[in-house]
Amino acid sequence: MTNDNRKGSNVLKAGLGYTVGNYLIKGLSFLTIPIFARLLDSADYGKYNTYMAFEAIVYIFVGLALHASFKKAKYKFEAEFNKFVSACTVLSIISFFMFLILAVVSYPLLKGMWGFKQSIVILLFIHSFGSALIQFYNAYIALYYDYARFLKLSIFNAVLNIVLSIGLIVAFGKGDKYIGRILGIAIPVIIIGIYIIFFFFKKAKPNITKAFWKYGISYSLPIIPHGLSQIVLAQFDRIMITNMIGSAEAGIYSFGYNIYTIIQVTANSLSNVWEPWFFENIAKNDVENIRKKGQLLAICMLGFSIIIVLLSPELILLLGTKKYADAVYCVPPIVMGGYFSFLYILPCEVEYYYEKTSYISVATCFAAGINVFLNYICINLFGYISAAYTTLITYFIYFAFHYFMAKKIQGFYLYSNNTITIIVIIAF
């Protein structure tokens, strides 16, 4: 077997491993949705999802998005790559403590914004740091197609999350059930984060190398607005619904996102393999291979997304109670919006490869601004369900911006315009 065939086999195995493993892990969570839907009322469900929306924002800051630099650093530093990752881990620890101190000091002024007591906010920052470390770990092992490590850690996280959450929700009883759910998801992430620190420091001793810090920050700093804007796109609608209408409606809307997780799991699994594979092939200037595989990937995901939309009414009835029935009206635009969110990775990798990360931030910030504006107008005029449609519109604009930006950087369209146009028309 040639080296290329062997590498292709590893990529295929990794792709299947990530996908099957993610489904097994998410399958555990998915099977528990009816349990949590019954243990939590819609208000508790809304508070929990609001906490998770904040967590998704905070982890971007505490981790400084340094994991984004790993793909390029592996090629740039080669033999010193583990030392680079170790240095980034030290930098993230320093960042975490700085943000934690800032959160504690500023809490009296920002108490109304958080909407949680101080102990929950402190937990939020520790939880977010754990999530940032998991991003470091996943970015690292994906470069080696090491899906086995990913599976072991993810299964541990999923099982402990479910067991703790159910036990703590029951223990807390009425009034504070959402706290039990928050603790149930935060504790496993914190434990895993501690393990990851030791994992990286075993690979290379903790070090403060200015050259590594400078490269990591210069590459990743523009990604922070991008990451933040991505979270705004994915999560901020729930925060706005909570503040503009109520926690119960935010809970129903969030329940609709449970169907979207089926698409998200598949997209994330494929993305874990696509990104390092793209870097390898663009370095060899194998444009034709990238074009064929990328377009096939887009078509397959479109078909899968359509199937999920068609099955969504039955899935809502199966997973929830009558109090979540209105979520069915949110699912189709959320799922297809998620499809365009997935589709953006095809052109976006061009920007990552050529280190044009500032372009990525500009595009995502622009899209996030449009999303917040449309949400404010539409939620007031048409109610919370309209937020699902603003999500679809915004993600399409988001994809289109990156598609044309990649052409500007590359000098030509990486994919067939006719094929992409047909895909977009079918999706809508």
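Here, every reference points to the structure presented above.
A brief look at the structure comes next. The structure presented is a predicted model; accordingly, all values stated were derived computationally and were not measured. (Residues numbered from 1 in each chain as written. Predicted model: local features only at pLDDT ≥ 70, side-chain atom pairs only at ≥ 80, totals over all residues. Heavy atoms only, no water.)

Topic: the overall build of the chain
Formally: To qualify as a helix, a DSSP run of H or I must reach at least 4 residues; to qualify as a strand, a run of E must reach at least 2; elements of each kind are numbered from the N terminus. Here the globule rule reads 2.2 Å times residues to the power 0.38, and the radius of gyration is calculated from C-alpha atoms. Exposure is judged per residue with a 1.4 Å probe applied to protein chains only, and the accessible area is read against the type maximum: over 50% gives exposed, under 20% gives buried, and values in between give partly exposed. Only heavy atoms matter for contacts: two residues are in contact if any of them lie within 4.5 Å across the pair. All accessibility values rest on the Shrake-Rupley procedure with a 1.4 Å probe; residue burial counts only the protein chains present in the view. This count recognises Lys and Arg as positive and Asp and Glu as negative, with His and chain-terminal groups excluded. To locate a charge, the coordinates of NZ of Lys, CZ of Arg, CG of Asp or CD of Glu are taken.
A tally of regular secondary structure across the chain gives 17 helices and zero strands. The globule rule puts the C-alpha radius of gyration for 428 residues at 22 Å, and the 21 Å found for the chain is close to it. Across its three principal directions, the C-alpha atoms of the chain cover 60 × 50 × 40 Å. For the chain, the residues scored as buried account for 57% of the 428 residues in total. Taking the contacts inside the chain whose residues are at least 6 apart along the sequence as the reference set, 84% of them involve residues at least 24 apart. Accessible surface computed for the chain: about 18600 Å², of which carbon and sulfur atoms make up 67%. Separation of charge centres in the chain, based on 33 positive and 19 negative side chains, amounts to 6 Å.

Comments concerning the packing of helix 15 (residues 357-382) against helix 16 (residues 386-410)
Inclusion rule: As a rule, the C-alpha atoms of each element are fitted with a line to give its axis, helices using only the stretch in contact, and angles between N-to-C directions run from 0 to 180 degrees. If an angle is under 35 degrees, it is roughly parallel; if it is over 145, roughly antiparallel; if it lies from 65 to 115, roughly perpendicular; otherwise it is oblique. In this scheme, a crossing is called left-handed if the near helix is turned counterclockwise away from the far one by less than a right angle; it is called right-handed if the turn is clockwise. Only Asp, Glu, Lys and Arg are considered charged in this grouping, and only Ala, Val, Leu, Ile, Met, Phe, Trp, Tyr, Cys and Pro are considered nonpolar; every other residue, Gly among them, is considered polar.
Between helix 15 and helix 16, whose axes approach to 9 Å, the crossing angle comes to 160 degrees. Our classification of the angle between helix 15 and helix 16 gives roughly antiparallel. Crossing handedness for the pair helix 15 and helix 16: right-handed. Here the contact of helix 15 with helix 16 is composed, by residue class, of 18 nonpolar, eight polar and no charged.

Regarding the packing of aromatic side chains
Which entries qualify depends on this criterion: Classification of ring pairs uses Phe, Tyr and Trp, with its six-membered ring standing for Trp, and accepts pairs whose centres are within 6.5 Å; under 30 degrees between planes counts as stacked, over 60 as edge-to-face, and the remaining range as tilted.
For the structure shown, the criterion picks out 36 aromatic pairs. Centre to centre, the rings of Phe 399 and Tyr 403 are 5.7 Å apart; their planes meet at 40 degrees, and the pair counts as tilted. Of the two residues, Phe 399 and Tyr 403 both sit in helix 16, four residues apart, roughly one turn of that helix. Overall, Phe 399 belongs to the buried group, its relative accessible area being 4%.

So, the packing of helix 11 (residues 247-283) against helix 13 (residues 331-343)
Remark: helix 11 packs on helix 13, axes separated minimally by 9 Å, with the N-to-C direction vectors making an angle of 30 degrees. Relative to helix 13, the element helix 11 is oriented roughly parallel. Our pair here, helix 11 against helix 13, has a crossing hand that is right-handed. Only Val 331, Ile 334, Val 335, Gly 338 and Phe 342 of helix 13 make contact with helix 11, whose side of the interface consists of Tyr 253, Gly 256, Tyr 257, Ile 259, Tyr 260, Ile 263 and Ala 267. Partitioned by chemical class, the residues of the contact of helix 11 with helix 13 number 10 nonpolar, two polar and no charged.

Regarding unusual backbone geometry
Unlike most non-glycine residues, Leu 64 shows phi in positive territory, near 55 degrees. Even without glycine at this site, Ala 65 takes up a positive phi of about 55 degrees. For Ala 65, the position within the fold is in the loop between helix 3 (42-62) and helix 4 (70-77). Residue class for Ala 65 comes out buried when judged on its relative accessible area of 4%.

A closer look at the nonpolar core
Most often, soluble globular proteins keep nonpolar side chains buried together rather than apart. Using the following cut-off: We define the nonpolar core as a collection of buried residues of types Ala, Val, Leu, Ile, Met, Phe, Trp, Tyr and Cys that are connected through side-chain atoms lying within 4.5 Å of one another.
Membership of the largest hydrophobic core comes to 145 residues, with the highest contact counts inside it found for Phe 70, Phe 84 and Tyr 339. In contact with Phe 70, not counting residues within four places along its chain, are Phe 81, Phe 84, Val 85, Cys 88, Phe 136, Ala 139, Tyr 140 and Leu 143.

Things to note about the environment of Glu 55
Assignment of secondary structure puts Glu 55 in helix 3. For the pair Glu 55 and Ala 132, spaced 77 residues apart in the sequence, the C-alpha separation amounts to 10 Å.

Overview of a nonpolar patch on the surface
Defined as follows: Nonpolar side chains (Val, Leu, Ile, Met, Phe, Trp, Tyr) are joined into patches within 5 Å and like charges within 9 Å, using only residues with over 30% relative accessible area and no salt bridge. What makes a salt bridge here is a side-chain nitrogen of Lys or Arg within 4 Å of a carboxyl oxygen of Asp or Glu, nothing more.
Taken together, Met 244, Ile 245, Phe 373, Tyr 376, Ile 377, Leu 381 and Phe 382 make up a surface patch of nonpolar side chains, about 740 Å² in accessible area. When residues in the nonpolar patch are grouped by element, the largest group, five residues, is from helix 15. Turning to its location among the elements, Phe 373 is positioned in helix 15. Overall, Phe 373 belongs to the exposed group, its relative accessible area being 54%.

Looking at the state of the cysteines
Put simply, the test is: To count as a disulfide, a pair of cysteine sulfur atoms needs to be within 2.5 Å.
Taken as a whole and judged by the stated rule, the model has zero disulfides. In this structure Cys 378 is not part of a disulfide, and its nearest cysteine sulfur, from Cys 330, lies 13 Å away.

With respect to the side chain of Ser 86
Quick note on the threshold: Polar contact is the term for a pair of N or O atoms within 3.5 Å; when the atoms are in protein, one must be able to donate a hydrogen and the other to accept it, and sequence-neighboring residues count only if both atoms are side-chain atoms.
Its location among the elements puts Ser 86 in helix 5 (residues 81-114). A polar atom in the side chain of Ser 86 sits 3.0 Å from the backbone oxygen of Ala 204.

Some details on the side chain of Thr 394
By the element assignment, Thr 394 lies in helix 16. Setting aside residues up to four positions removed in sequence, Thr 394 forms contacts with Leu 233, Ala 367, Ile 370, Asn 371 and Leu 374.

With respect to the environment of Ile 141
Following the sequence through the fold, Ile 141 ends up in helix 6 (residues 118-142). For the pair Ile 141 and Asn 272, spaced 131 residues apart in sequence, the C-alpha separation works out to 9.4 Å.

Things to note about the environment of Leu 66
Mapped onto the elements of the fold, Leu 66 is located in the loop between helix 3 and helix 4. Leu 66 gets classed as buried once you look at its relative accessible area, which sits at 1%. Between the C-alpha atom of Leu 66 and that of Phe 136, which follows or precedes it by 70 residues, the distance is 7.6 Å. Ignoring sequence-local partners within four residues, the contact set of Leu 66 consists of Cys 88, Leu 91, Ser 92, Phe 136, Gly 216, Ile 217 and Ser 220.

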